[in-house]
Amino acid sequence: MSRNKLLLVLLGSSLLAGCAADYLNNYDTMTLASGDSQKANQLLQTVDPYNPNSNNTKIEGDGARAVGVVQRYKVPPPPPPTTNMTVNVGTSGVTTP
């Protein structure tokens, strides 16, 4: 590439870069909390935002049942029983004249 062509390419790219820098200074930004205003307004207008049962710390459950469930997930179920069934498809050996 000749020196004049290289100089022309550098000059053209610098002119375009100058325009791009000016354009990038004028952009709109969004914060991480944008879009939450509707949800925030709904929560402000809610009469009682908390579930009354949320203070209940006694969670009912059966320990033996929970152990059974965990063991069922750990041990794979036995395979289903096989059936000795024969299916014949087609003619039954009877010939028609």
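Residues numbered from 1 in each chain as written. Predicted model: local features only at pLDDT ≥ 70, side-chain atom pairs only at ≥ 80, totals over all residues. Heavy atoms only, no water.

Here we take up the overall build of the protein chain. Each helix and strand in the protein chain was counted, giving 3 helices and 0 strands. Starting at the N terminus and ending at the C terminus, the protein chain contains elements arranged as α-α-α. Buried positions account for 0% of the 97 residues belonging to the protein chain. Approximately 10,400 Å² of the protein chain is accessible, and the part contributed by carbon and sulfur atoms is 59%. (Helix = DSSP H or I, 4+ residues; strand = E, 2+ residues; numbered from the N terminus. Buried < 20%, exposed > 50% of the residue type's maximum accessible area, 1.4 Å probe, protein only. Areas by Shrake-Rupley, 256 points an atom, 1.4 Å probe, with all protein chains shown as cover.)

Here we take up the confidence of the model for the protein chain. Model confidence for the protein chain is summarised by a mean pLDDT of 77, while 76% of its residues fall at 70 or above. For the protein chain, the element scoring lowest by mean pLDDT is helix α1 (residues 3-24), at 74; helix α3 (residues 63-74) scores highest, at 90. (pLDDT = per-residue confidence, 0-100.)

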